[in-house]
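Chain by chain, the residues:
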Amino acid sequence: MIKAVIKWSQPIEIFKPKKYNTDEKFIEHFRKFIDQNDSPLLEKEGFYCLISGSLKPEERLSVVLIEESFGESIKQKIERKKGHMRELRCIYKNYGDENLYLKVGVVESLNVEDSEDVYKKIACKLISENDPSCNEPCDIDISDVQVINEGDYKPLKK
């Protein structure tokens, strides 16, 4: 059994995707935004999710994308993605006029040795439980994975 405790950060506001008139421009500026952001959270490895919606007057957010970054920082993982990814095109198409936020999840405790396979299983469990609209469903067996989200995890499930 894999048991992971993940502590999530406060949301980092990005920008509305349709600020740019094509998905290519949005992706280019998204990468540039990540590259130029000096948040120490982006230098960590772990998990990240993109969420859309509004924080005020009351939190109305939906999970759009969840990914892992094992063995490299979240900044490196996003910058290293090649081409015009299906996931970011999905965000541009479906959430263009909404506020986008990035949350970073750092593993606080893990009861097994961490590895890329373990991180992929945890990411699949997060995807399975939160059903982000721009992720493909996972085909990995996650029946032996338990994830406990802490910190500012909403709109993710605890």
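Read on for a plain summary of the structure. Keep in mind that what you see is a predicted model, and the values were worked out from it rather than measured.

About the cut-offs
Residues numbered from 1 in each chain as written. Predicted model: local features only at pLDDT ≥ 70, side-chain atom pairs only at ≥ 80, totals over all residues. Heavy atoms only, no water. Helix = DSSP H or I, 4+ residues; strand = E, 2+ residues; numbered from the N terminus. Buried < 20%, exposed > 50% of the residue type's maximum accessible area, 1.4 Å probe, protein only. Contact = heavy atoms within 4.5 Å. Axes fitted to C-alpha atoms, helices over the stretch in contact; angles between N-to-C directions. Parallel < 35°, antiparallel > 145°, perpendicular 65-115°, else oblique. Left-handed = near helix turned anticlockwise from the far one by under 90°. Nonpolar A, V, L, I, M, F, W, Y, C, P; charged D, E, K, R; others polar. Salt bridge = Lys/Arg side-chain N within 4 Å of Asp/Glu carboxyl O. Phe/Tyr/Trp six-rings, centres within 6.5 Å; stacked < 30°, edge-to-face > 60°. Lys NZ or Arg CZ within 6 Å of the ring centre and 35° of its normal.

Okay, the environment of Gly53 next. Looking at the element boundaries, Gly53 is found in strand 3 (residues 46-54). Overall, Gly53 belongs to the buried group, its relative accessible area being 11%. Taking C-alpha positions, Gly53 is 11 Å from Gly96, a pair spaced 43 residues apart along the chain. Beyond its immediate sequence surroundings of up to four residues, Gly53 is in contact with Arg60, Leu61, Glu98, Asn99 and Tyr101.

Attention now goes to the packing of helix 1 (residues 23-36) against helix 3 (residues 86-95). As a packed pair, helix 1 and helix 3 sit with axes 10 Å apart at the nearest point and diverge in direction by 115°. The orientation of helix 1 with respect to helix 3, classified from their angle, is roughly perpendicular. Helix-helix and strand crossings are classified by hand; for helix 1 and helix 3 the assignment is right-handed. Facing helix 1, whose interface residues are Asp23, Glu24, Phe26, Ile27 and Phe30, helix 3 presents Leu88, Arg89, Ile91 and Tyr92. When the residues that make up the contact of helix 1 with helix 3 are grouped by side-chain class, the tally is 6 nonpolar, no polar and 3 charged.

Most peptide bonds are trans, and most residues other than glycine sit at a negative phi. A cis amide bond links Lys154 with the next residue in sequence, Pro155, at an omega value of 15°. Mapped onto the elements of the fold, Pro155 is located in the segment after strand 6 (145-151). Phi angles above zero are rare outside glycine, and Asp131 is one such case at about 50°. Locating Asp131 in the fold gives a position in the loop between helix 4 (116-130) and strand 6.

A word on the pattern of salt bridges. Counted according to the given criterion, the structure contains 10 salt bridges. One salt bridge in this structure joins Glu72 and Arg80, with 2.6 Å as the shortest N-O distance. For Glu72, a relative accessible area of 15% puts it in the buried group. By relative accessible area, Arg80 is classed as partly exposed at 46%. Several salt bridges converge on common partners, so that one network encompasses Asp23, Glu24 and Arg89.

Attention now moves to the packing of aromatic side chains. Evaluation of the coordinates by the stated rule reveals 7 aromatic pairs. Judged by centre distance (5.0 Å) and plane angle (15°), the rings of Phe47 and Tyr119 are stacked. Linking Phe47 in strand 3 with Tyr119 in helix 4, this pair joins segments that are 72 residues apart in sequence. As far as the burial class goes, Phe47 and Tyr119 line up, both buried. Three or more aromatic residues link up through ring pairs in this structure, and these residues are Phe15, Tyr20, Phe26, Phe30, Phe33 and Tyr92. The aromatic ring of Tyr92 is capped on one face by Lys18, whose charged end is 5.3 Å from the ring centroid.

With respect to the element layout, Tyr20 can be found in the loop between strand 2 (12-13) and helix 1. Distance from Tyr20 to Tyr92, taken between C-alpha atoms, is 9.3 Å for residues 72 residues apart in sequence. If near-sequence neighbours (up to four positions away) are discounted, Tyr20 is found in contact with Phe15, Lys25, Phe26, His29 and Tyr92.

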